[in-house]
Amino acid sequence: MALRWLWMLVPGRGGWNPCSKSPGQALEEERHVRANDRDYNERFNYADNRIKTAKYNVFTFLPINLFEQFQRFANAYFLVLLILQLIPEISSLSWFTTIVPLVLVLAITAVKDATDDYFRHKSDQQVNTRQSQVLIKGKLQNEKWMNVRVGDIIKLENNQFVAADLLLLSSSEPYGLCYIETAELDGETNLKVRQALTVTSDLGDDVEKLADFNGEVICEPPNNKLDKFTGTLYWKDNKYPLDNEKMLLRGCVLRNTEWCFGLVIFAGLQTKLMQNCGRTKFKRTSIDKLMNTLVLWIFGFLICMGIILAIGNTIWEQKVGSSFWEYLQWKELSINAVFSGFLTFWSYIIILNTVVPISLYVSVEVLRLGHSYFINWDRRMYYSPKDTPAEARTTTLNEELGQVEFIFSDKTGTLTQNIMVFNKCSINGKTYGDVYDEFGHKVDITEKTPCVDFSFNPLMDRKFRFHDSSLVEAIKLEEPLVQEFFRLLALCHTIMPEERNEGELVYQAQSPDEGALVTAARNFGFVFRSRTPETITLYEMGQAVTYQLLAILDFNNVRKRMSVIVRNPKGQLKLYSKGADTVLFDRLDPSNEELMSTTSEHLNEFAGEGLRTLALAYKDLDEDVFDEWMKKLLFASTALENREEKLGALYEEIEQGMLLLGATAIEDKLQEGVPETIACLTLANIKIWVLTGDKLETAMNIGYSCNMLRDDMNKVFIISGHTTLEVQQELRTAKEIITGPSKDKFSSGLDMDKTELYSSDSVFEETIIAEYALIINGHSLAHALEADLEQILVDVACLCKTVICCRVTPLQKALVVELIKRHKRAVTLAIGDGANDVSMINTAHIGVGISGQEGMQAVLASDYSFAQFRYLQRLLLVHGRWSYHRMCNFLCYFFYKNFAFTLVHFWYGFLCGFSAQTVYDQWFITLFNIVYTSLPVLAMGLFDQDVNEQYSLHYPNLYRPGQLNQLFNKRKFFTCTLQGVCTSFILFFIPYGAFMSAVRDDGAHISDQQAFAVTISTSLVIVVSVQIGLDTNYWTAVNHFFIWGSLAVYFAILFAMHSDGIFTIFPNQFPFIGTARNTLNQKIVWLVILLTTVVCIMPMVAVRFIKADLYPTQTDKVRLLQQATRRQGPQEQNFRRVRRTSSRRSAYAFSHQQGYGELITSGKNMKVPTSSTSTYPLSSPTRGPAGTSSVNNSWVNDTSRDQTETYNTGFRRESDQNQEVTVEDLEAR
């Protein structure tokens, strides 16, 4: 335990790492667990069920936090300086000039770390104190989760979370079955079935029998494989094999099962959920990395200045200083010129230390914290239906949000709502679902469109909405084919019904598609009410009808269809089938040609709207033919070899000559604003890749719905090869089509900087006018990610406008993100809502979690979270761009003012005999960065805006400078430091030259050192205050208060430190009485300050004016446009969703698991029928002032006109998106 505790103290780790062994702990080869025997199990030192993510406690916080903080170079550097200042021979400054800012920085950082860790403790406590029923000493007792141990037997009840990894022993369901939802583990919301061993299921809920159970499990050691478990149960001299189908994993939720008992196999950090969490990567922004490099450069520059001044001191001591030695009252001459230079070197390192800004890091953290609060407080990212605000879960990545080039998005629950809605259908050649006005024109369906009245059906689902009343009229007129259509939907499925109260039906569906179809049939009068292994009971228009279920021809990915064979009450044999239209049409009777042609047109129309479709068909079976077929089926189902192939052939045999009924169209509802958000982010030069576990057809449907795929694209490449050679050939073919056979670029550039990369690869990518899309399957992606193919994959993908990866595993999602990070050196963002997205979120530079339908694992692992995908647009284009702009301006100004402040000492060294004498008073040195200039720069870094949020969203191209690192890079650093050097030169030499011959008003000389220091320090404070005023684009009351307040505070402290009163109290610390008063009451001093300020500021003003006038940036142009239209008030963008028209055949959309039909017909998952399903409810349940612009530039007028057109017409058509009115085009007008 001591070793484990020490390991947790290692800085940078969020507590104990669950994916690694304890130091000193032997590698566990197999696990031995004995039920109800804690003494036996404790011998193995298995992990308890406590979760710990916090880093500190009350006793360890101070030492560990200080240790972590002093690992930062700047803090350690200033600690060394503090020690040097305690050596009298080399220190010309008091120790408090360093310790005051150092303690302030350490204290602020410690408070922040303590606050973060407090919330981690709170979260740990919330999980660890959940209650669970544990069998202890023959009785069920409520215990906290953290007190659960390996070998305990736990009772779970319906809708409870599983506390640890359990071996299922028994349940309330027949045959020891139970149903679980695994959204926290794999992101899937459909139910999964687990079954206990027969020998343990007999234990039931008999507490005495369970208490006497002493079976021993020998199994695999803890690992992160969610879909695999291998073990053996030894009980009563028998062995029973165990697999994953008998395990309930931590994070699952028990559903549709009254109770179950389980034996704890893995607990706490050794559960498969925690083993999959991996080590949380510490994410740093590119600006962070650049800052560390620049601080090292500054330190090197400081060393160089120290060496120059030390050499100067050595020469001065030899040439000049030796002449003065005889006047010094030294008892013996114990110093020579070289040693004097050595001491001077360290003295100047101390004096010039402020060139390495100690307050830089804490100021950056304060800014990031403020930017995070702005995200949290943004009401336009608040989702009221679920009371979910946006949340910045980290404070270290805000400016990186302004530099994103690639977005990797999950599909289900992220782009879509993961809610399937029965939208339209085609029955016997007629479509239903559209709404027409009195003139026969189709009307767009909105929230205000009246819904069909289903009050005739007491068992209706009140949440179901349908707008075409003609379909209800057809049902009421008892049209045979319409009734057969819904009868098929009510019979051909694998759904399990649950009736909690009279008439309150809940369907437990393997896939949301099936749930939507059966719910539609329910509302139209064909209610699926109950089932047994042999029967299905429907309520058809209020009448109970029981069908005999003879066979289920199950779904698989090859068949792409499922069928049922039933006998109706009249004794007729019917086969009902639903599946992909491309598969089902090949098995229709030739007499259906005309109807098939009409239905195909309807399917194309549905596909054009991005709907998921199924074709429906039926067949009347002959009794003799069916009996013969059943004999073959029985024989094939018991075959030991090639069973699947034989069953498939028999299914194929009977599914011939069917009659077409029609087709269904289901909408996998997109989240609001998804197409508009994707289009806007694309205009910001952000590439969006969709990484989904769904199959190819489903992913393509969503691609078309989001307008990521369009019919007018030049080519959609589908990579589906099963071998490395096939995938390589498909990728090469795609690349040749895009670039031509002679183009073979994009293979180098890993050592190029950002600008060079964009001047080669990315520029060529942008010259490709044609639009292409790449869709790659999971098995093909596995080959494409191999070392010899990954480069061509990156090349082809980056040349395509849209990339969709389907059937990908969570690991493959992370590998794709890592591939782009490695080859493109671009900032990546991953967004998802399920636990299967966690690895992708952790791998990307920025992880965003959607708090949606699939649990909270993605949110917990994310850096930012919100409820809707559309908020990503505002997060990046507003908050991200502002944060990047503010941070860059802050850093440029910070380095400028520190160089201007510090290098005055360097120039003074040449005139004071390199004696390490300071120009400023030591209190001024102490207070300059933490009092006089700290708040104005923080105000600018927190509140500045180059353009407002409306223009940030309306002109996505403004996002481009962040992607190119244009606002702060090495060149910008050299520019601002050069400005600081020049300012320091002017600050020193103008007063120095003026004071050479200046006199006071009374004729006395003014050139004493303290008057000189007051003049320079006052000039410096005024110059940097004026400079920050020039750098500020957006003035608030806070900016005014901080700038003017800082100047007032400076003069107040200056006069106070030179006052008689403070001299009386501290005569040794403040000996210069009246210096400030005597200096600043002279006109010549104020003239010198004015001249210094003008000479420092005017060159920069002139350069900026000329640059903005002759070479305006996009931001300059939009800012001028904003000023020109400010009086008109903000104008809202009216984006409207553009309905897509397409001739593309929609794909099969059906996603439940293979083998579920066999489980139904076996009867193992059936509950004991209750009397509530045999009666029909008798009564229906209750329903619930304009100004004109003074700017005359023609391009401003043109832009205003184009802007108005955009607002009036809504979002542009896809063909016009590339013609977005950009400020780059304005000059041409």
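Keep in mind that what you see is a predicted model, and the values were worked out from it rather than measured. (Residues numbered from 1 in each chain as written. Predicted model: local features only at pLDDT ≥ 70, side-chain atom pairs only at ≥ 80, totals over all residues. Heavy atoms only, no water.)

1. Topic: a negative patch on the surface
- On the surface, Glu157, Asp205, Asp206, Glu208, Asp212 and Glu258 cluster together to form a negatively charged patch.
- Among the structural elements, Asp212 can be located in helix 8 (residues 207-212).
- A relative accessible area of 61% means that Asp212 is categorised as exposed. (Patch = residues over 30% accessible without salt bridge, like charges linked within 9 Å, V, L, I, M, F, W, Y side chains within 5 Å. Areas by Shrake-Rupley, 256 points an atom, 1.4 Å probe, with all protein chains shown as cover. Salt bridge = Lys/Arg side-chain N within 4 Å of Asp/Glu carboxyl O. Lys, Arg positive; Asp, Glu negative; His and termini not counted. Charge placed at Lys NZ, Arg CZ, Asp CG, Glu CD. Helix = DSSP H or I, 4+ residues; strand = E, 2+ residues; numbered from the N terminus. Buried < 20%, exposed > 50% of the residue type's maximum accessible area, 1.4 Å probe, protein only.)

2. Digging into the environment of Pro1071
- For Pro1071, the position within the fold is in the loop between helix 37 (1060-1065) and helix 38 (1075-1080).
- Overall, the relative accessible area of 40% leaves Pro1071 in the partly exposed class.
- For the pair Pro1071 and Ser1059, spaced 12 residues apart in sequence, the C-alpha to C-alpha distance is 9.5 Å.

3. Notes on the confidence of the model for the protein
- On average, residues of the protein score 81 in pLDDT, and 83% of them reach the 70 mark or higher.
- Note that residues 1-25 has pLDDT below 50 and, in this model, 44 contacts with residues that lie over four places away or in other chains.
- Counting interchain partners and residues more than four positions distant, the pLDDT-below-50 stretch residues 1132-1148 has 74 contacts. (pLDDT = per-residue confidence, 0-100. Contact = heavy atoms within 4.5 Å.)

4. Remarks on the environment of Tyr507
- Relative to the helices and strands, Tyr507 is located in strand 21 (residues 504-508).
- What makes Tyr507 buried here is its relative accessible area of 14%.
- Residues Tyr507 and Val518, 11 residues apart in the sequence, show an inter-C-alpha distance of 8.6 Å.
- What Tyr507 contacts, discounting residues up to four positions off in sequence, is Ile495, Met496, Pro497, Val518, Thr519, Arg522, Val527 and Phe528.
- In this structure the side chain of Tyr507 is engaged in a polar contact, spanning 2.7 Å, whose partner is the backbone oxygen of Phe528. (Polar contact = N/O pair within 3.5 Å; in protein donor to acceptor, adjacent residues only side chain to side chain.)

5. A few points about the pairing of strand 29 (residues 687-691)
- Of all five residues that make up strand 29, four are buried, and the element is covered over most of its length.
- As defined by bridge partners, strand 29 adjoins strand 32 (residues 802-806) across three bridges and the pair is classed as parallel. When the sheet's bridge partners are listed, Leu691 is paired in strand 32 with Cys805. (Pairing = 2+ DSSP bridges.)

6. Comments concerning the packing of helix 34 (residues 970-995) against helix 39 (residues 1083-1110)
- Contact geometry of helix 34 with helix 39 gives a least axis separation of 10 Å together with a crossing angle of 155°. Classified by the interaxial angle, the pair formed by helix 34 and helix 39 is roughly antiparallel. Seen along the crossing, helix 34 lies across helix 39 with a hand that is right-handed. Between helix 34, through Gln979, Thr983, Ile986, Leu987, Ile990, Pro991, Ala994 and Phe995, and helix 39, the contact on the second element is made entirely by Val1085, Val1088, Leu1091, Thr1092, Val1095, Cys1096 and Met1100.
- Considering only residue class, the contact of helix 34 with helix 39 consists of 12 nonpolar, three polar and no charged. (Axes fitted to C-alpha atoms, helices over the stretch in contact; angles between N-to-C directions. Parallel < 35°, antiparallel > 145°, perpendicular 65-115°, else oblique. Left-handed = near helix turned anticlockwise from the far one by under 90°. Nonpolar A, V, L, I, M, F, W, Y, C, P; charged D, E, K, R; others polar.)

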